[in-house]
Amino acid sequence: MKTHSAFDLLSASGPFIAQAEKLMLYGQFVGTWNVESVWYKGDKVVRKAKRSWVFDWILGGRGIQDVLFAEGVKPSQYGTTLRVYDELLDAWHITWMCPEQGEFVNLLARRIGDRIVQEGLGGDYLRRERWSFTEITPDSFVWLGEVSFDRGGTWVLEQRMKATRVKED
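Residues numbered from 1 in each chain as written. Predicted model: local features only at pLDDT ≥ 70, side-chain atom pairs only at ≥ 80, totals over all residues. Heavy atoms only, no water.

Caption draft 1: Structural detail: the environment of D124. One can find D124 in the loop between β7 (115-121) and β8 (128-137). Linking D124 and K44, residues 80 residues apart in sequence, is a C-alpha distance of 23 Å. (Helix = DSSP H or I, 4+ residues; strand = E, 2+ residues; numbered from the N terminus.)

Dropping the structure here:
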């Protein structure tokens, strides 16, 4: 029996053809992005950072995996998201993991107007999470991380990331 690398088995060269149109919801982000992140507590900025975000096709082109990281940090500090399309729900299952920070979040995502909205329970199950891609162009987007402690009645911005595509050489 031939041995394989899990990474080779996960990797895909593009979207699964039969669902290509639906898969491009996240497929449009495949590539490398420079990110300026800002974290908020109330209306005050509490931290800023520059990071990189890399998206690529996985699972025979039926999903997207990304890695979010700051240059110079150990790989054990990276975060990753799995995004897999569910044809029956016409929605995406999203799982974010950053073990170093103790962050594990599961969300369900759909296009709503010109945004991609991902919602679910936070890792502590006491709050709702809403993560949105907005202001999407071929070369940039804004990602918003919001939380609610009243079942989605009101939302508070915790993080904003402005991403710009790194041009391929």
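What follows picks up the thread again.
Caption draft 2: Quick look at the sheet that holds strand β2 (residues 44-58). Taken in spatial order, the 10 strands of this closed barrel run β1-β2-β3-β4-β5-β6-β7-β8-β9-β10, and their pairing is antiparallel. Ignoring which end each strand starts from, the neighbouring axes of this sheet average 25° apart. As defined by bridge partners, strand β1 (residues 31-41) adjoins β2 across 11 bridges and the pair is classed as antiparallel. Within the sheet, the bridge partner assigned to E36 lies in β2 and is K50. Packing of helix α2 (residues 20-27) onto the sheet brings it into contact with β2, β3 (63-69), β4 (79-86), β5 (91-98), β6 (103-112), β7 and β8, and relative to β5 it is tilted by some 30°. (Pairing = 2+ DSSP bridges. Axes fitted to C-alpha atoms, helices over the stretch in contact; angles between N-to-C directions. Contact = heavy atoms within 4.5 Å.)

Caption draft 3: Region of interest: the layout of surface pockets. Approximately 930 Å³ is the volume found for the largest pocket. As for the largest pocket, its lining consists of 42 residues, and the residues nearest its centre are W39, R51, W96, E103 and Q159. Partitioned by chemical class, the residues of the lining of the largest pocket number 21 nonpolar, 10 polar and 11 charged. Here the second largest pocket is characterised by a volume of approximately 240 Å³. Of all elements in the fold, only α1 (6-10), β2 and β3 reach the threshold of two or more residues within the lining of the second largest pocket. Of all the elements, β2 adds the most residues to the lining of the second largest pocket, at 4 residues. (1 Å grid on protein atoms, 1.4 Å probe; cavity = no way out; pocket = protein on both sides within 12 Å on 5 of 7 lines; lining within 4 Å. Points joined across faces, edges and corners; volume = space filled by probe spheres on them. Nonpolar A, V, L, I, M, F, W, Y, C, P; charged D, E, K, R; others polar.)

Shape is all these values report; function is a separate question.
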